[in-house]
Amino acid sequence: MAGQLSRWYAQKITTHSKLVIVAVLVLTAVVVAGTALGGAGEEDIGGFQVESEETDAQEFVQNNYGGDDGVAAQLVVRNESGDVLTRESLLDGLYLQQEIRETETLNVTLAEPGFVGIENIVATAAVYEDTRQPPTAQPSLSEQIDALESRDNEAVKQLLADVLDPESDTPGQQDPYEFLPRDYEPGSTTASARLTLIAQVDDSGEDAEPQAAYDAQVAIDKIVQDRFDDAFVFGQGIQDDASSRATGDSFAIITPFALVLIVLVLGITYRDLLDILLAFLGIGIVMAWLAGLMGWLAIPMNVILIAVPFLLIGLSIDYALHVVMRYREARDGTLGEKDDERDHDHGEPVNRSIRTSMALGFGSVVLALGAATVTTGVGFLSNVVSPLPAIQDFAILSAGGILATFVAFGVFLPALKIEVDEILENRLGWSRRKPAFGVDSGRANAALERLADLTTRAPIAIVVVALLLSSSGAYGATTIDTEFNQADFLPEDAPDWAQYLPGGLAPDTYTIAEDFQYLSDNFQLRGEGGQSQVLLRGSVSDPAVLRAVDDAGSSVEDSSSIQLRPDGRAAVEGPHTAIRAAAADNESFAEMVDATDTTGDGLPDENVSAVYMALFDADEQAASQVLSRDDDGNVTSARLLVSVRSSESAQAIATDTRAYADRIEGDIAGVNAVATGGTVTTAVIQDALLETLVEAFAVTLIVILLFLTGLFWARYRSLSLGALILAPVVMSLAWLLGAMSLLDIAFNSETAVITSLAIGLGVDYSIHAGERFVDEREKRDTLNTAVTNTITGTGGTLLASAATTAAAFGVLAFALSPPLQRFGIVTGLAILFAFVAVVMILPGLLVLRERVLERWNMRE
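All of these numbers come straight from a predicted model, not from anything done at the bench. (Residues numbered from 1 in each chain as written. Predicted model: local features only at pLDDT ≥ 70, side-chain atom pairs only at ≥ 80, totals over all residues. Heavy atoms only, no water.)

J.: Please set out the overall build of the protein chain residue by residue, giving values where relevant.
T.: The helix and strand tally for the protein chain stands at 28 helices and nine strands. The buried share of the protein chain, taken over its 860 residues, is 55%. A separation of at least 24 residues holds for 77% of the contacts in the protein chain among residues at least 6 apart in sequence. In the structure as shown, the protein chain presents an accessible area of about 36000 Å², 55% of it carried by carbon and sulfur atoms. (Helix = DSSP H or I, 4+ residues; strand = E, 2+ residues; numbered from the N terminus. Buried < 20%, exposed > 50% of the residue type's maximum accessible area, 1.4 Å probe, protein only. Contact = heavy atoms within 4.5 Å. Areas by Shrake-Rupley, 256 points an atom, 1.4 Å probe, with all protein chains shown as cover.)

Put into structure tokens, the structure is as follows:
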């Protein structure tokens, strides 16, 4: 029944080819009109929450605590073999700030105080020493510069000693250790690096990027590079700029090589320029549909959607090759007739017309194309159950694009090729007979024939080896890293050979990954990326809470992702640090704290609620960062801001923050401590997303298995063929996961989406090979002939398709952007493994199935 339907469909396409072409072009115009609706903007992949105590706590924090609506950047000045706390270096830092302030376009992006660093703390102390009065506000830059310039080197060194004295309690002085590296020795007047915070204004409006502030970061970094021998600025604007330039450099280097490889492989395969152009025309239609569907469905752009066009290009090349090569086989007479119908005496091919050949060749492959479209489309569409909108969009757009691929190559291309070939051959006299790749004599044909011979002679050995490799891959999958790390997305410097590329192909130098690692390892970072949080709820006015929080800071191990201050304590801000800071600046508040402090640690041991109220009176902004109050003014919760090393994975930071929270909660009764913050919730979201993607894999494989089982039962009354055809796909997926483990490529939400390509392309390859084998087995007298025709015919087409797509996407492994590198490596391996599994494992399984059926003299 299915065979009759495919022949009927192919006959309709070939008979009404002109009408088909017009209909597809009109439909394409309608779909493309969706682009006129405009894009839906861009979407952040992490823009959602899952139900968990961490995300609930984060929502509570956002609703009850004062937030920082500005933008922040960090400036690091280094001198690995020297000192950055000299009078000259500190003045250079102040001169830099003055230069930036005098540049109007940069100054307008700065918030007050603009810059805070050790140079400002020392200069402010100098101003205080000169006036002999505590400053009521931050001195101006000119006052700070004048105060330092008026001192010689020895005087500045003495001033530094006073400021950096661990016992110093100079009024108005910010903690200087916040701006010194982790290996700094408290009390020392020398340091190999220092940090300056840059506060910027975010006036971009709700949900809009503060592009002016980001551009200013890039401009400030250029000034910094001119002024210092070893210094850098780090911020979101710097990251965005580096990522954008690295992506541009990557494509500038890779695109020419990819195009040359694609054209070379397609040229060897097709050996016909016109057929190559027709394939590219079909790809153009698919891409047009993709753009139109995004408009009609209002799908916003996100980073995951970059995989969709690559998937569709791979499927398009594969579909085009199958249609054209089956047509060529039918035209040469090597497809369609049974062994007893061939002219064995003369061996002359059957002389078929263009239209008849297309009907026969296309009819023999369209069922496989349709089945591959359904299984691949359903496989990707299964991701629509994800709670993440970006993944839902990916699922819908992929399924729509796969349908567009069938329209372009399962409807449009056969009709268009008939019309083009008839014009060239019937009117211009140009013969359009071309041999199919892998079928005619040649190196590819010889290699494929040897592979077919090996498959029929040693199917058991091949299957056993495949199962052993799959078992190893499955074991490797259990050890694969599943963590999400911000550092994995930062551009890397180009290899040495890239610097010798001619002209504009030579890439820039990228040190942002090293800068980020250094910054994360050595300094306390501000902002969501550099801090996690602990929310305390319950009896937070219990004096035991302050003691527990203070004690927990001294028990964090050096290996933890939580930052340690130079004094060895955890870099944590909370009610305890706010109380001590306010007491240092406010004499009346200090007296109240002293009156309630019975242990001499600077924290109240009684009447804590009253101290909290007084803290709000003394410094409401600082208090609102670490304490929340209800409408009656009662303190309801406390928040701890935990500085972390951002270069660690989100999961590691979440684990260490939870351990810190558990340590506090274990020391006190009646208080609940929950780890939260941007990085912690990112880990929760990534873990939940990965779980849904793994579930989607399982659902996909089950749905495909049921579909294939039903398809082959309906056509061949076989219950085992569907499982056998899916088996190589599962094996190749196991190989891929094992390879990722060996290559230390994490299996996270990013690569999980990419590995779905392994299922999509693997199922496509396997269906074509399985359908061809069954068809050949019905027409050939021997099993060996059926296997040989399958591997040289469909296997040759799959070889060309796999070589083209693997080469095109594999070159992305040389990209400067790590996400593009991973995409290229994983996609290339997925295609390679899918091809090997289909041309070796599937024939071996089918041969064993035939031998079992023959031995037991049974048929399903």
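That covers the picture; the talk isn't over yet.
J.: Kindly report on a nonpolar patch on the surface, identifying the contributing residues and their values.
T.: Where nonpolar side chains cluster on the molecular surface, the patch consists of Val22, Val26, Leu27, Val30, Leu37, Trp296, Leu297, Leu381, Val384, Val385 and Ile396 and spans about 980 Å² of accessible area. Per-element tally for the nonpolar patch: the top contributor is helix 2 (residues 17–32), with four residues. With respect to the element layout, Val385 can be found in the loop between helix 13 (354–381) and helix 14 (389–427). By relative accessible area, Val385 is classed as exposed at 65%. (Patch = residues over 30% accessible without salt bridge, like charges linked within 9 Å, V, L, I, M, F, W, Y side chains within 5 Å. Salt bridge = Lys/Arg side-chain N within 4 Å of Asp/Glu carboxyl O.)

J.: Break down the pattern of salt bridges for me, with residues and values.
T.: Evaluation of the coordinates by the stated rule reveals 36 salt bridges. For Arg78, the salt bridge identified is with Asp515, shortest N-O distance 3.8 Å. Of this pair, Arg78 sits in strand 1 (residues 71–78) while Asp515 sits in helix 17 (residues 512–522), placing them 437 residues apart in sequence. Here Asp515 falls in the buried class, since its relative accessible area comes to 10%. Asp550 is paired through a salt bridge with Arg580; the nearest N and O atoms lie 3.0 Å apart. Placement of Asp550 in helix 18 (residues 543–552) and of Arg580 in helix 19 (residues 575–585) is noted, with a sequence separation of 30 residues between them.

J.: So what about the packing of helix 15 (residues 443–457) against helix 28 (residues 818–855)? Which residues, and what values?
T.: Between two packed helices, what matters for the description is the angle formed by their axes and the separation of those axes. Contact geometry of helix 15 with helix 28 gives a least axis separation of 9 Å together with a crossing angle of 40 degrees. Comparing the axis directions of helix 15 and helix 28 gives the class oblique. Between helix 15 and helix 28 the crossing geometry is right-handed. Contacts between helix 15 and helix 28 pair Leu451, Leu454, Thr455 and Thr456 from the former with Val839, Met840, Pro843, Gly844, Val847 and Arg851 from the latter. (Axes fitted to C-alpha atoms, helices over the stretch in contact; angles between N-to-C directions. Parallel < 35°, antiparallel > 145°, perpendicular 65-115°, else oblique. Left-handed = near helix turned anticlockwise from the far one by under 90°.)

J.: I'd like a description of helix 27 (residues 783–810), backed by residues and values.
T.: At Gly795, helix 27 shows its strongest bend, of approximately 35 degrees. Counting buried positions along helix 27 yields 21 of 28 residues, so the element is predominantly enclosed. (Bend = angle between axes of the 7 residues up to and from the residue.)

J.: Explain unusual backbone geometry to me, and be specific about the residues and the numbers.
T.: In this structure, the amide linkage connecting Glu112 to the following residue, Pro113, adopts the cis form with an omega of 5 degrees. Relative to the helices and strands, Pro113 is located in strand 2 (residues 110–117). The phi angle at Asn607 is positive, at roughly 55 degrees, despite the residue not being glycine. Its place among the elements puts Asn607 in the loop between helix 20 (587–596) and helix 21 (608–618).

J.: An account of the nonpolar core is requested, with residue identities and associated values reported.
T.: Residues Tyr270 and Phe362 are the most contacted members of the largest nonpolar core, which totals 138 residues. Ignoring any residue separated from it by four or fewer positions in sequence, one finds Tyr270 in contact with Asp275, Ile276, Ala279, Ala320, Leu321, Val324, Met325 and Arg328. Grouped together as the second largest cluster of nonpolar side chains are 62 residues, Val76, Val84, Ala242 and Phe523 included. (Core = buried A, V, L, I, M, F, W, Y, C linked by side-chain atoms within 4.5 Å.)

J.: How would you summarise the confidence of the model for the protein chain if you had to cite specific residues and measurements?
T.: Averaged over every residue, the pLDDT of the protein chain is 84; the share at 70 or more is 90%. Helix 2 holds the highest mean pLDDT among the elements of the protein chain, 96, whereas helix 26 (residues 749–779) holds the lowest, 80. Low pLDDT, under 50, characterises residues 339–347; the stretch is placed with seven contacts to residues that sit more than four places away or in other chains. (pLDDT = per-residue confidence, 0-100.)

J.: Pulling in residues and values, what's your account of helix 9 (residues 211–227)?
T.: Counted at 1.5 Å a residue, the expected span for helix 9 with its 17 residues is 24 Å, and the 25 Å between its end C-alpha atoms agrees. Every buried residue of helix 9 is listed here: Ala213, Tyr214, Ala216, Gln217, Val218, Ile220, Asp221, Ile223 and Val224. Where helix 9 is buried, its residues contact strand 1, helix 4 (87–102), helix 5 (104–107), strand 3 (193–200), strand 4 (231–234) and helix 10 (236–270). (Expected span 1.5 Å × (residues − 1).)

J.: Lay out the packing of helix 2 against helix 14 with the relevant residues and their values.
T.: Between helix 2 and helix 14, whose axes approach to 8 Å, the crossing angle comes to 135 degrees. Classified by the angle their axes make, helix 2 and helix 14 are oblique. Seen along the crossing, helix 2 lies across helix 14 with a hand that is left-handed. For the pair helix 2 and helix 14, contact is made by Ser17, Lys18, Val20, Ile21, Val24 and Leu25 and by Val407, Val411, Phe412, Ala415, Leu416, Ile418 and Glu419, respectively. Here the contact of helix 2 with helix 14 is composed, by residue class, of ten nonpolar, one polar and two charged. (Nonpolar A, V, L, I, M, F, W, Y, C, P; charged D, E, K, R; others polar.)

J.: Let's hear about the pairing of strand 8 (residues 635–643): which residues, and what values?
T.: In terms of burial, strand 8 is largely enclosed, as eight of its nine residues are buried. Note: strand 5 (residues 531–538) against strand 8, seven bridges, orientation antiparallel. For Ser532, the partnering residue across the bridge sits in strand 8 and is Val642. As defined by bridge partners, strand 7 (residues 627–629) adjoins strand 8 across three bridges and the pair is classed as antiparallel. Following the sheet pairing, Arg629 is matched in strand 8 by Val635. Taking the residues that link successive antiparallel strands as the turn, the strand 7-strand 8 hairpin has five residues, and the phi of Gly633 there is positive, at about 85 degrees. (Pairing = 2+ DSSP bridges.)

J.: An account of the packing of aromatic side chains is needed here, citing residue identities and associated values.
T.: Summed over the entire model, instances satisfying the criterion amount to five aromatic pairs. On the numbers, 6.0 Å between centres and 45 degrees between planes, the contact of Tyr9 with Phe362 is tilted. Placement of the pair is Tyr9 in helix 1 (residues 2–15) and Phe362 in helix 13, with a sequence separation of 353 residues. Here the guanidinium or amino end of Arg537 rests over the ring plane of Phe60, the centre of that ring lying 4.7 Å away. (Phe/Tyr/Trp six-rings, centres within 6.5 Å; stacked < 30°, edge-to-face > 60°. Lys NZ or Arg CZ within 6 Å of the ring centre and 35° of its normal.)

J.: Please give an account of the sheet that holds strand 1 that cites residues and values.
T.: Across the sheet, four strands lie side by side as 2-3-1-4; this open sheet has antiparallel pairing. This sheet does not close on itself; its edge strands, each paired only once, are strand 2 and strand 4. Each neighbouring strand pair of the sheet contributes to a mean axis angle of 15 degrees, computed without reference to strand direction. As judged from the four bridges shared by strand 1 and strand 4, these two strands associate in the antiparallel manner. Of the residues in strand 4, the one forming a bridge with Gln74 is Phe234.

J.: Outline the environment of Val753, listing residues and values.
T.: In this fold, Val753 is placed in helix 26. A C-alpha to C-alpha distance of 7.5 Å links Val753 and Leu693, two positions 60 residues apart in sequence.

J.: Go over the side chain of Ser643, please, and point to the residues and values.
T.: Examined against the element boundaries, Ser643 turns out to sit in strand 8. Of the residues examined, Ser643 reaches a relative accessible area of 4% and is grouped as buried. What Ser643 contacts, discounting residues up to four positions off in sequence, is Gln524, Leu525, Gly530, Gln531, Ser561, Ile562, Gln563 and Ala571.

J.: With reference to specific residues and values, describe the environment of Glu771.
T.: Note that Glu771 resides in helix 26. In this structure the C-alpha to C-alpha distance between Glu771 and Val365, which are 406 residues apart in sequence, comes to 8.2 Å. Ignoring sequence-local partners within four residues, the contact set of Glu771 consists of Leu367, Ala368, Phe712, Arg715 and Tyr716.

J.: Tell me about the environment of Asn426, residues and numbers included.
T.: With respect to the helices and strands, the residue Asn426 is situated in helix 14. The exposure class assigned to Asn426 is exposed, which follows from its relative accessible area of 57%. Sequence-wise, Asn426 and Ile354 are 72 residues apart; in three dimensions their C-alpha atoms are separated by 9.9 Å.

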